[in-house]
Amino acid sequence: VHLFPVTGEHKHFVPGDRPAVCQTPWGILGVITCFDLRFPELARAEAKKGAVILAVCAQWPAARKAHWDLLLRARAVENQCFVIGANRCGIEGKTTFPGRSAVISPMGRVLARAGSRGTRLFATLDMKELTAFRKSMPCLELGVSEAYR
């Protein structure tokens, strides 16, 4: 949805215009791409459409790896969902990509974290934990969307 102006994505891609969610065997999956991670409204819209998992694919550079780590956890906590972030690793030109792919719980716990090399991550997504958390603190139901315009 949000094209990154610094790299000229607008010259090569057409932006999306709505939240992207799909049904999977594990529940509804929301999808966001790279720069979208900086826009909490998009992740919230996907959570409001029922997403219990948010998948983020990215080319997040090492210069902003602290933002990557923080925003993955923030999107998980504020939307009470699991977040799976897959980030590029390696070097292209002068840009280093740190990897640091991760699986984050709705409570903000890092369930799995990759290093700076390509790898596979494994984590157990406890849907009972997610359901209990959403029931004990129903933030998705209590938001006052009219106030956010």
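So, here's what we can say about the structure.

**Remarks on the side chain of Ser105**
Structurally, the position occupied by Ser105 is in the loop between strand E7 (102–104) and strand E8 (110–113). By relative accessible area, Ser105 is classed as buried at 0%. In this structure Ser105 touches Ala76, Cys81, Phe82, Leu111 and Glu129, once residues within four positions along its chain are discounted.

**A word on helix H2 (residues 65–79)**
Taking 1.5 Å as the rise per residue, H2 with 15 residues should run 21 Å; its terminal C-alpha atoms sit 21 Å apart, in good agreement. Looking at H2, one finds that the buried residues are Trp68, Asp69, Leu71, Leu72, Arg75, Ala76 and Asn79.

**Description of the environment of Ala114**
Secondary-structure assignment places Ala114 in the loop between E8 and helix H3 (127–136). Given the relative accessible area of 9%, Ala114 is considered buried. The spatial distance from the C-alpha of Ala114 to the C-alpha of Leu71 is 16 Å, given a sequence separation of 43 residues.

**Here's the deal with the environment of Glu129**
Looking at where Glu129 falls in the secondary structure, it is placed in helix H3. When the C-alpha positions of Glu129 and Ser105 are compared, they lie 8.9 Å apart, and in sequence the two are 24 residues distant. With residues near it in sequence (within four places) discarded, Glu129 still touches Phe82, Ser105, Pro106, Met107 and Arg109. Within the structure, Glu129 has its side chain in polar contact with the side chain of Arg109 (distance 2.6 Å).

**Focus on the layout of surface pockets**
Estimates place the volume of the largest pocket at around 380 Å³. Along the walls of the largest pocket sit 17 residues, with Phe4, Thr7, Gln59, Pro61 and Phe97 positioned nearest its centre. Partitioned by chemical class, the residues of the lining of the largest pocket number nine nonpolar, three polar and five charged.

**Focus: the sheet that holds E8**
A sheet is described by the order of its strands in space; here six strands give the open sequence E1-E2-E3-E4-E7-E8, paired in mixed fashion. The open sheet terminates on both sides in strands that have one partner only, identified here as strand E1 (20–24) and E8. Ignoring strand direction, the axes of neighbouring strands in this sheet form an average angle of 20°. Relative to strand E2 (residues 27–33), E1 is paired through five bridges, and the arrangement is antiparallel. Directly across from Thr24, in E2, lies its bridge partner Gly27.

**Examining the packing of aromatic side chains**
This structure, assessed with the given rule, holds three aromatic pairs. Taken together, the ring pairs connect Phe4, Phe35 and Phe39 into an aromatic cluster.

**Focus on the state of the cysteines**
Under the defined criterion, the tally for this structure stands at zero disulfides. You can see Cys34 has no disulfide; the closest cysteine sulfur is in Cys57, sitting 7.7 Å from it. Residue classification places Cys34 among the buried residues on the basis of a relative accessible area of 17%.

**Brief notes about unusual backbone geometry**
The phi angle at Cys34 is positive, at roughly 40°, despite the residue not being glycine. Even without a glycine there, the phi angle at Gln80 is positive, about 50°. Among the secondary structure elements, Gln80 is positioned in the loop between H2 and strand E4 (82–87). Look at Gln80 and you get buried, because its relative accessible area is 1%.

The rules behind each value
- Residues numbered from 1 in each chain as written.
- Predicted model: local features only at pLDDT ≥ 70, side-chain atom pairs only at ≥ 80, totals over all residues.
- Heavy atoms only, no water.
- Helix = DSSP H or I, 4+ residues; strand = E, 2+ residues; numbered from the N terminus.
- Buried < 20%, exposed > 50% of the residue type's maximum accessible area, 1.4 Å probe, protein only.
- Contact = heavy atoms within 4.5 Å.
- Expected span 1.5 Å × (residues − 1).
- Polar contact = N/O pair within 3.5 Å; in protein donor to acceptor, adjacent residues only side chain to side chain.
- 1 Å grid on protein atoms, 1.4 Å probe; cavity = no way out; pocket = protein on both sides within 12 Å on 5 of 7 lines; lining within 4 Å.
- Points joined across faces, edges and corners; volume = space filled by probe spheres on them.
- Nonpolar A, V, L, I, M, F, W, Y, C, P; charged D, E, K, R; others polar.
- Pairing = 2+ DSSP bridges.
- Axes fitted to C-alpha atoms, helices over the stretch in contact; angles between N-to-C directions.
- Phe/Tyr/Trp six-rings, centres within 6.5 Å; stacked < 30°, edge-to-face > 60°.
- Disulfide = S-S within 2.5 Å.

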